[in-house]
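# Per-entry structural report
What follows is each chain in one-letter form.
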Amino acid sequence: MLKKVFSYGVLIVATIVSIFPFLWMVVSATNKSVDVTQGRLLPGSHFVENFKNLLATVDIVPALINSAKVSISTTILSLLIASLAGYGFEIFKSKSKDVVFNILLLSMMIPFAALMVPLFRMFGTISQTAPFLGIDTLTAAVLPTLTTAFLIFFFRQSTKMFPKDILEAGRIDGLSELGVFFRIYVPTMKTTYAAAAIITFMASWNNYLWPLVVLQSPEKQTIPLLISTLGSSYAPDFGVIMTAIVIATLPAALIFFIMQKHFVAGMMGFSKIKREEV
Amino acid sequence: MISAKTSTNTSVSYSTKKRITKTTLIGWSFITLASVLICIFYFYPMVHALIMSFQSGTGTNLKFTGLDNYARLLKDPTFITAVKNTVIYLIIQVPVMIFLALFLSVLLNDKNLKFKGFFRTAIFLPCVTSLVAYSVIFKYLFGVDGIINMMLMKLSFVSEPIQWLTDPFWAKITIVIAITWRWTGYNMIFYLSSLQNIDSSIYEAAKIDGASPIQQFFKITIPMLKPIILFTSITSTIGTLQLFDEVMNITKGGPGNATMTISQYIYNLSFKYTPDFGYAATVSYAIVIMIVVFSIIQFKVAGDRNA
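Given the structure is predicted, the values throughout are model-derived calculations rather than measurements. (Residues numbered from 1 in each chain as written. Chains lettered and ligands numbered in written order. Predicted model: local features only at pLDDT ≥ 70, side-chain atom pairs only at ≥ 80, totals over all residues. Heavy atoms only, no water.)

Moving on to the UniProt feature "domain: ABC transmembrane type-1" (unreviewed entry) in chain B. Mapped onto this structure's residue numbering, the UniProt feature "domain: ABC transmembrane type-1" (unreviewed entry) falls at residues 83-298 of chain B. Here residues 83-298 of chain B runs as 73% helix and 0% strand, with 19 Å between its end C-alpha atoms. (UniProt positions renumbered as here; feature names shortened; annotations may be inferred. Helix = DSSP H or I, 4+ residues; strand = E, 2+ residues; numbered from the N terminus.)

Turning our eyes to something else, we now look at the environment of Ser73(A). Residue and element names in this part refer to chain A. Position of Ser73 relative to the elements: it lies in helix 4 (residues 60-91). The spacing of Ser73 and Tyr87 is 14 residues in sequence and 21 Å in space, taken between C-alpha atoms. With sequence-adjacent residues up to four places away left out, Ser73 is seen in contact with Ala68, Val142 and Leu146. (Contact = heavy atoms within 4.5 Å.)

A few words now on the interface of chain A and chain B. Residue-level contacts link 101 residues of chain A with 98 residues of chain B. In total, chain A and chain B occlude about 8900 Å² of area from one another, counting both sides; carbon and sulfur atoms represent 78% of this. The tally of links from chain A across to chain B stands at 0 salt bridges. Linking chain A to chain B there are 5 residue pairs in polar contact (both at pLDDT 80 or more). No other element matches the 19 residues that helix 14 (residues 238-277) of chain A contributes to the side of chain A that touches chain B. Within the side of chain A that touches chain B, the residues separate by chemical class into 70 nonpolar, 19 polar and 12 charged. (Buried area = accessible area lost by both parts, 1.4 Å probe. Salt bridge = Lys/Arg side-chain N within 4 Å of Asp/Glu carboxyl O. Polar contact = N/O pair within 3.5 Å; in protein donor to acceptor, adjacent residues only side chain to side chain. Nonpolar A, V, L, I, M, F, W, Y, C, P; charged D, E, K, R; others polar.)

Attention now goes to unusual backbone geometry. All names here are of chain B. Despite not being glycine, Phe115 has its phi angle at roughly 55 degrees, a positive value. Mapped onto the fold, Phe115 is located in the loop between helix 4 (77-108) and helix 5 (116-124). Positive phi is not limited to glycine here, since Lys252 has a value of about 55 degrees. You can see Lys252 is positioned in the loop between helix 12 (245-250) and helix 13 (262-272).

Residues and elements named next belong to chain B. In the numbering adopted here, UniProt assigns the feature "transmembrane region" (unreviewed entry) to residues 25-44, 87-109, 121-142, 224-244 and 277-297. In residues 87-109, helix accounts for 96% and strand for 0%; the two terminal C-alpha atoms are 33 Å from one another. Secondary structure content for residues 121-142 is 68% helix and 0% strand, while the C-alpha to C-alpha distance between its ends is 25 Å.

Moving on to helix 13 (residues 223-231) of chain A. Extensive coverage of helix 13 of chain A is indicated by the burial of 8 of its 9 residues. Among the residues of helix 13 of chain A, those classed as buried are Ile223(A), Pro224(A), Leu225(A), Leu226(A), Ile227(A), Ser228(A), Leu230(A) and Gly231(A). (Buried < 20%, exposed > 50% of the residue type's maximum accessible area, 1.4 Å probe, protein only.)

Let's shift gears to the side chain of Ser28(A). Here Ser28(A) lies in helix 1 (residues 2-28). Residues contacting Ser28(A), with those up to four places away along its chain left out, are Val36(A), Asn50(A), Gly239(A) and Met242(A).

This next bit is on the packing of aromatic side chains. Throughout the structure, instances matching the rule amount to 48 aromatic pairs over all chains. Arranged with centres 5.2 Å apart and planes meeting at 40 degrees, the rings of Tyr87(A) and Phe30(B) form a pair that is tilted. Within this pair, whereas Tyr87(A) is found in helix 4, its partner Phe30(B) is found in helix 2 (residues 17-52), the two belonging to separate chains. Exposure remark for Tyr87(A): the relative accessible area of 0% places this residue in the buried category. Relative accessible area serves as the criterion here: at 5%, Phe30(B) is assigned to the buried category. (Phe/Tyr/Trp six-rings, centres within 6.5 Å; stacked < 30°, edge-to-face > 60°.)

In this section: the packing of helix 9 (residues 164-172) of chain A against helix 10 (residues 177-188) of chain A. Residues and elements named next belong to chain A. Running from N to C, helix 9 and helix 10 cross one another at 130 degrees; their axes reach a closest spacing of 9 Å. Comparing their axes, helix 10 and helix 9 come out oblique. Crossing angle aside, the handedness with which helix 9 passes helix 10 is right-handed. Each of Ile166, Leu167, Gly170 and Arg171 in helix 9 lies in contact with helix 10, whose residues at this interface are Glu177, Val180 and Ile184. Classifying every residue of the contact of helix 9 with helix 10 by side-chain character gives 4 nonpolar, 1 polar and 2 charged. (Axes fitted to C-alpha atoms, helices over the stretch in contact; angles between N-to-C directions. Parallel < 35°, antiparallel > 145°, perpendicular 65-115°, else oblique. Left-handed = near helix turned anticlockwise from the far one by under 90°.)

This part takes up helix 10 (residues 213-224) of chain B. An α-helical turn contains 3.6 residues, so a residue and the one three or four places further along point in the same direction. Of the residues making up helix 10 of chain B, those classed as buried are Gln216(B), Phe217(B), Ile220(B), Thr221(B) and Ile222(B). The secondary structure elements touched by the buried residues of helix 10 of chain B are helix 4, helix 8 (168-195), helix 9 (200-208) and helix 11 (226-241) of chain B.

Here it is in C-alpha cells:
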C-alpha cells in the first residue's frame, strides 16, 4: 500500500513538472501580455487577438511552410537512405561490410559544432557554381542532416529480428532485391518506420544550429529561427510569443500523438535486440 | 544473427560463384548511398576542420600558422571557462537524468499501475518541444519576476526572488534543470521498452528469495539494462558536450561567460566575432577529443562491471 502511494505520488509530481510549462504556454497564449508577466494561470480570451497580432507582426506562415518543406523532405529521404543501408548491412553480411558499418558509427561521435564551419565553407564553395544548392537555400539546410549513423543503426538493429525466410521466398518467386525490399521488407517493418519517422521529423522540425548558420535571409527562416528572434526582442508581447510557440510546437506534438502506439512498438523492437546482443 | 547466416548459406548452396558476387554487389549497393553521404557530410568536413585548425586569418583568408591555434587554445580564458561550464553540466546533469529516467521507468513498469499510458505520455511530452521553443519558455518561467519565483515566494520557500538568469551559479542550475526537463522522458522510453522485454519471472524469483525492491533495482534492473544505459549515457554525454540551443536562447552564455558552452564559443568565433574559422576549427577539435575521452571512460566503467 505504502509502495503504491509512493509510486503514484512520484509519478504525479513528475507529470505535473513535465506538463506545467506546456500548460503555462497554452494558457499564456490566451492571455494579454500584462497578464502573462503577472503570472496569470487561468485561460483568458485573448487568443484570437494574439493570433491576429502574430500574423500582423511576424511572417509565421512562410516560416511554417519552410519548416514543413525541410522536415517532410528530410524525413522521407532519411528513412529511405537509412533503411536501405540498415537492410543492406543486416541482410548481406561480409566482414568488410561490418568494418564499413563501424566506421560509419564513428560519425556519431562527431559533434555538429565541429562540422559547422567546414560545412559552411563547403556550401559557400557550392554557392559559387550552383547557387540553388548553396548558402541560404532550403536544400543546404536539408542535405547535411539527411544521413545519420544513428538511423542506420536503428534500422539495422530492428532488422535483426526480421524473418529472413520471407525474403528468400520473395527472391525465389522472382522479385529483384529492390522488389523484395519495397514489397516485403518495407510493409513488414511499419512500426520501425513509424518510430524512425517520428524521431527524424521531430529532430528536423526542431533543428536550430545548422539552419541558423546556413539560412541567412529572413524569408528563408524556419520556425525555430523565428521563435528565437521573438524571444530576444526588447519589448516582447508575451501573449503573441506564446501563441507563436504553441503553433510551432503543434505539428511535432500532433504527429507524436497520432503515431504514439507505433512509436512505442518501434522502440521496443530496437531496445530488445540491443539487450540480447550483448 | 544465426538466422541471417543460415539464409546466406542457403542462397550460397544452390547458386554458383557468380551468384555470390552478384549478391555481394547488391548488398554493397544498398549501403553505398548512406556511406557516401556520411563521408561527404561528416568525414570530409572533419578532415577539413583538422587542416583548418592549423590555419589562421580572418574570414576565408586562411594561412598556415602551425600549432599557433593550439597554443592560443591553452591560454584562452573564454575557452577554459566554456570547457569548465560544459564539464559541470555533464557531471551533474547526465547522472541525475539517467537515474531519474531509470527510476521513473521502473515505477511505470509496474503491472498493476493504473493510468500507465497517461503518465508515460505526460513524462515523454517535453521531448516533442523544440529546443528553441522550450528554451524561450524557460527563459520567462525563470525570470526574476517569472512564475517560478512567484510560486517559490508564495510557498515561502524563499524570501526574495532567486536571480535565476543573472547569477552565475543559478544560471548554470537553470540550464541543468532545463536540459533535465527536456530529456528525462526521452531516456525513460528507452528503459521502459527494455524493461518490458525482461522476463518477469526473474523478479518473481528474486521476490521469493526475499529481495527488496531496492535490491531488485540494483541487482536485476540495472545489470539487465546495462547495454541500453551505456547507450543512453553516451548519447546524453555527446548531447551535453554539444549543448548550444538552450544556452543561446535562455542566457545567451551570460552572465559574463558563466553559462557559455564550447559549441556556443565556436559559433561566436565563426559567425559573431570577427570570423576566425581556423581557430574555431581548433576549438571544435577540443569537443571531439572530450567526446572520445568520455566515451572511452563510459565503455570502461560498463566493461568493468561486466567482469
